[in-house]
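Fold and geometry: a report
Listed below, chain by chain, are the residues.
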Amino acid sequence: MGALFEKLCEDIRFVEGLKACMNCGTCTAICPAAEFYNYQPRMLVDILQTHDEEKIEALLKSDTIWYCGECMSCVTRCPRNNAPGLLITALRSLSQEMGYFVESEKGRQQLAIKRTVGHWILEYGYCLHPSQITPGNHPEQGPVWDWEFHHLEGVMERLGANYKKAGPGVLRAIPKAALDEIKKIFDETGATDRFEKIEAFSKKKAAEMGMKLDDGLENEYITHIYKANTKDHSAGQ
Amino acid sequence: MKIEGKRRIWDDYQKEIAGDNYFYVRSCVRQNFFPGAEKTFLRYMAELGKNVFENPSHTTCTGIGYHSDIVPFKTAMTMVARQFALMTEAGYENFVTSCITSFGLYTEILDTWSHFPEQEEQTREHLKKATGREFVKPKNLAHASDVTYKFRKDITHRGKYRLVNKDTGLPLKVVEHIGCHYSRMFPSKGVGGAEYPYVLVGMVEEWGGEVIDYPERRHCCGFGFRQYLIQANRGYSIAASKKKFESMKSYKPDMILTNCPGCPMFLDRWQYAISEMEGITYGDAGQGIPVMTYEELAGLILGYDPWDLGFQVHQVPVEPLLDKIGIPYDPEKKFLDINGNAMGKPKSPSYLKFY
């Protein structure tokens, strides 16, 4: 057994998710990602079953593992109790651990998620915060969100929220002590380490690509990974 | 629709839902986009005489971070353990979550701990070292839609309205959409299982409506975590929602009912985006199909003011549905603040009829 496969087997989600696949294709037939992207969960399991290190390394460096939406529809339907959606979570973890994620366009997007959702968790105690969901980055949210965004405090108060205030309720200010606990948990359980790896590998890649990357969100590399599709990722290719 | 077989399946998946004394944790997405829904849940639970406790120190479970793969599983397990510790410290045993992603994550973690007890032990050590806290696992884990389902008949008895067209007397046609992480990984943890979940169907039938059984009923709304969070990936998200709209449109649904935080937002906003991109609307005469959460619907049944429920922050107007049921509303008050002062109004979309 090779080093990468061994590392994958250290992840309980991988152990839980990989049984003997008979290639029936049920997972692929019902997969929302397979309909949209050049992606087949059946092929993913097929490659992993080979234990072939070269193929697994190529997979970890590919766009393929970043196409899944983790809806877990495949888990419900597999007649052999495989869970391609769980395997994806293990593959993505290892790809980030090894720094392979920066070798694919979709993988490189992890830095933008880390600097938004990751930052908001530590800053606000929420995965999302309305003050950060700007209409400019979210035109699909439409004119009602644009109006709400510009009247957040008034709208939140009208709807009974406790926006940015102490005590219970919708969008309350999470107490400082609770935010400190989140940070300690992140330090203790590997999230801080993962964040640092995403940053370090991304900075190296940005330099390699000749793109500017500072510590914020308004720079060439972040804009590129957030907005660009430089190749055809679609199912029809 | 022949439902005998489905009823047998539903009988196999009747989960236990606690009857009172809940420790409540909120949803990141819902607090942002549907703040009135959680407020409404607490309102009708209080009116039903139920005790629901919230500790302001509870936080995100990190579910969106976990499913966009920036947060490791060990971290997510410890964050969830911290929520359980807050419940334990407050003296509660019944854990209720507002979020489906959270509900799925809590379910996954409890299942993991049952198969890999060493993972639970390690999580306890992590939590103790990071926060000094300890926890007892919940005696009962439920989603807030499970709890609402449990009390659906009580809501009927207190209610003022039914899901019936006031002019024709016919049941309104309802698309029900279940969040993927409600029961896809662990069918026995959801009312009705994964293929024929009954949690929303039960509410619709109880409140007088008729559920539409359309081909793409079980297709994901298209959130896909990273597939929406990153702008370059949003084609995935809107394509999934469009597939559902195209599949349901010939059944002429009066509304879409959801139990997941993301689904109502996407099914609402993508109708707007599709209308702007292609000039297509899915309701009658340029209208959209109103989308709402089960709390908002329960609030309508109970006769709460639509603007107290938060329908003014939906992009697809609900007024056509209110008119069909005969629920009164004051259009002049739609966009006012809590003191009745004007806050301006959103612009009208290019195609989607706006009120």
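Here we look at the overall build of chain A
The helix and strand inventory of chain A stands at 15 helices and zero strands. Taken over the C-alpha atoms alone, chain A extends approximately 55 × 40 × 40 Å along its principal axes. Burial analysis of chain A (237 residues in total) assigns 50% to the buried set. When contacts within chain A are restricted to residue pairs at least 6 apart in sequence, long-range pairs at least 24 apart make up 61% of them.

Section: the overall build of chain B
Scanning chain B from N- to C-terminus turns up 16 helices and eight strands. In terms of overall dimensions, chain B is globule-like: its C-alpha atoms have a radius of gyration of 20 Å, near the 20 Å expected for 355 residues. Counting only C-alpha atoms and orienting by the principal axes, one finds that chain B spans roughly 60 × 50 × 50 Å. Burial status across chain B gives 56% buried among its 355 residues. Pairs at least 24 residues apart make up 78% of the contacts formed inside chain B by residues separated by at least 6 positions.

Remarks on the environment of G19(B)
Residues and elements named next belong to chain B. Mapped onto the secondary structure, G19 falls in the loop between helix 1 (4-12) and strand 1 (22-25). Note on G19: 12 C-beta atoms within 10 Å, which makes it exposed. For the pair formed by G19 and P349, sequence separation is 330 residues and the distance between their alpha carbons is 44 Å.

So, the domain arrangement of chain A
All names here are of chain A. Partitioning chain A into domains gives domain 1 (3-100) and domain 2 (107-227). Taking only C-alpha atoms into account, the centre of domain 1 sits 28 Å from that of domain 2. In this complex, domain 1 contributes six residues to the contact, which on the side of domain 2 involves six residues. Looking at the side of domain 1 that touches domain 2 residue by residue, the classes come out as one nonpolar, three polar and two charged.

Digging into the interface of chain B and chain A
Each partner contributes residues to the interface: chain B has 72 residues there, and chain A has 71 residues. Among the elements of the structure, helix 2 (28-33), helix 3 (35-47), helix 4 (63-67), helix 5 (73-89), helix 7 (117-131), helix 11 (226-229), helix 12 (234-248) and helix 13 (262-278) of chain B are those that each provide at least two residues to the side of chain B that touches chain A. Element by element, the count of residues in the side of chain B that touches chain A is highest for helix 5 of chain B, at six residues. Looking at side-chain class alone, the side of chain B that touches chain A contains 31 nonpolar, 26 polar and 15 charged residues.

A word on the domain arrangement of chain B
Residues and elements named next belong to chain B. Taken as a whole, chain B is organised into domain 1 (16-144) and domain 2 (145-333). Relative to domain 2, the C-alpha centre of domain 1 lies at a distance of 25 Å. Between domain 1 and domain 2, the contact holds 30 residues from the first and 34 residues from the second. Among the elements of the structure, helix 2, helix 3, helix 4, helix 6 (100-115) and strand 4 (140-143) are those that each provide at least two residues to the side of domain 1 that touches domain 2. Along the lines of polarity and charge, the residues of the side of domain 1 that touches domain 2 split into 17 nonpolar, nine polar and four charged.

Section: the sheet that holds strand 4 of chain B
Residues and elements named next belong to chain B. The strand order across the open sheet built from four strands is 2-1-3-4, with neighbouring strands paired in parallel fashion. What marks the edges here is a single partner per strand, and that holds for strand 2 (52-53) and strand 4. Of the pairings in the sheet, the one linking strand 3 (residues 94-97) to strand 4 comprises four bridges and is parallel in character. The residue of strand 4 that forms the bridge with F95 is L141. The strands touched by helix 6 within the sheet are strand 1, strand 3 and strand 4, with strand 4 carrying the most contacts at an inclination of about 155°.

Structural notes on helix 14 (residues 294-302) of chain B
All names here are of chain B. When you tally the buried positions in helix 14, you get eight out of nine residues, the bulk of the element. Every buried residue of helix 14 is accounted for by Y294, E295, E296, L297, A298, G299, L300 and I301. Two residues or fewer past helix 14, G303 is found with a positive phi of approximately 90°.

Details of the sheet that holds strand 5 (residues 173-177) of chain B
Whether parallel or antiparallel, the strands of a sheet pair through hydrogen bonds between backbone atoms. Residue and element names in this part refer to chain B. In spatial order, the strands read 6-5-7-8; together these four strands make up an open sheet with parallel pairing. Both outer strands of the open sheet, strand 6 (210-211) and strand 8 (291-293), are each paired with one neighbouring strand and no more. Relative to strand 6, strand 5 runs parallel, the two being bridged by two bridges. Bridging across to strand 6, V174 finds its partner in V211. Sheet strands in contact with helix 13 are strand 5, strand 7 (255-258) and strand 8, and its direction is about 165° off that of strand 8.

Thoughts on the packing of helix 13 (residues 176-189) of chain A against helix 5 of chain B
Where helix 13 of chain A contacts helix 5 of chain B, the axes come no closer than 9 Å and their chain directions differ by 145°. Where helix 13 of chain A crosses over helix 5 of chain B, the two elements pack in a sense that is right-handed. Contacts between helix 13 of chain A and helix 5 of chain B involve E181(A), I185(A), F186(A) and T189(A) from the former and K74(B), T75(B), T78(B), M79(B) and R82(B) from the latter. Classifying every residue of the contact of helix 13 of chain A with helix 5 of chain B by side-chain character gives three nonpolar, three polar and three charged.

Comments concerning the nonpolar core
Counting residues in hydrophobic clusters, the biggest one holds 166 residues, and the most contacted among them are L87(A), A76(B), V80(B), V204(B) and L257(B). Looking at this core element by element, the count peaks at 10 residues for helix 5 of chain B. With near-sequence residues (within four places) excluded, V80(B) lies in contact with C61(B), L105(B), Y106(B) and I109(B).

Some details on the packing of helix 10 (residues 110-124) of chain A against helix 14 (residues 191-209) of chain A
All names here are of chain A. Viewed as axis vectors pointing N to C, helix 10 and helix 14 meet at an angle of 140°, and their least axial separation amounts to 9 Å. Taken together, the axis directions place helix 10 and helix 14 in an arrangement best described as oblique. Note that helix 10 runs across helix 14; the crossing there is left-handed. Mapping the contact onto sequence places Q110, L111, K114 and G118 in helix 10 and F195, I198 and S202 in helix 14. Taken together, the residues that form the contact of helix 10 with helix 14 break down as three nonpolar, three polar and one charged.

Points about helix 5 (residues 41-50) of chain A
All names here are of chain A. Among the residues of helix 5, those classed as buried are P41, R42, L44, V45 and L48. Taken around the axis of helix 5, the buried residues stretch over an arc of 160°, which confines them to a single face. Packing partners of the buried residues in helix 5 comprise helix 3 (26-30), helix 4 (32-36), helix 6 (53-60), helix 7 (73-77) and helix 8 (84-98). With its phi angle positive at about 60°, H51 sits one or two positions after the end of helix 5.

Let's talk about the environment of K252(B)
Within the secondary structure layout, K252(B) lies in the loop between helix 12 and strand 7. Separated by 129 residues in the primary sequence, K252(B) and T123(B) place their C-alpha atoms 49 Å from one another.

A short note on the confidence of the model for chain B
Averaged over all residues, the pLDDT of chain B is 96; the fraction at 70 or higher stands at 97%. Listed scores for the predicted complex are pTM 0.96 and ipTM 0.97.

Conventions adopted
Residues numbered from 1 in each chain as written. Chains lettered and ligands numbered in written order. Predicted model: local features only at pLDDT ≥ 70, side-chain atom pairs only at ≥ 80, totals over all residues. Helix = DSSP H or I, 4+ residues; strand = E, 2+ residues; numbered from the N terminus. Buried ≥ 20, exposed ≤ 12 C-beta atoms within 10 Å, placed from the backbone. Contact = placed C-beta atoms within 7 Å. Rg over C-alpha atoms; globule rule 2.2 N^0.38 Å. Domains from an automatic or database assignment. Nonpolar A, V, L, I, M, F, W, Y, C, P; charged D, E, K, R; others polar. Pairing = 2+ DSSP bridges. Axes fitted to C-alpha atoms, helices over the stretch in contact; angles between N-to-C directions. Left-handed = near helix turned anticlockwise from the far one by under 90°. Core = buried A, V, L, I, M, F, W, Y, C linked by C-beta atoms within 7 Å. Parallel < 35°, antiparallel > 145°, perpendicular 65-115°, else oblique. Arc of directions from axis to C-beta. pLDDT = per-residue confidence, 0-100.

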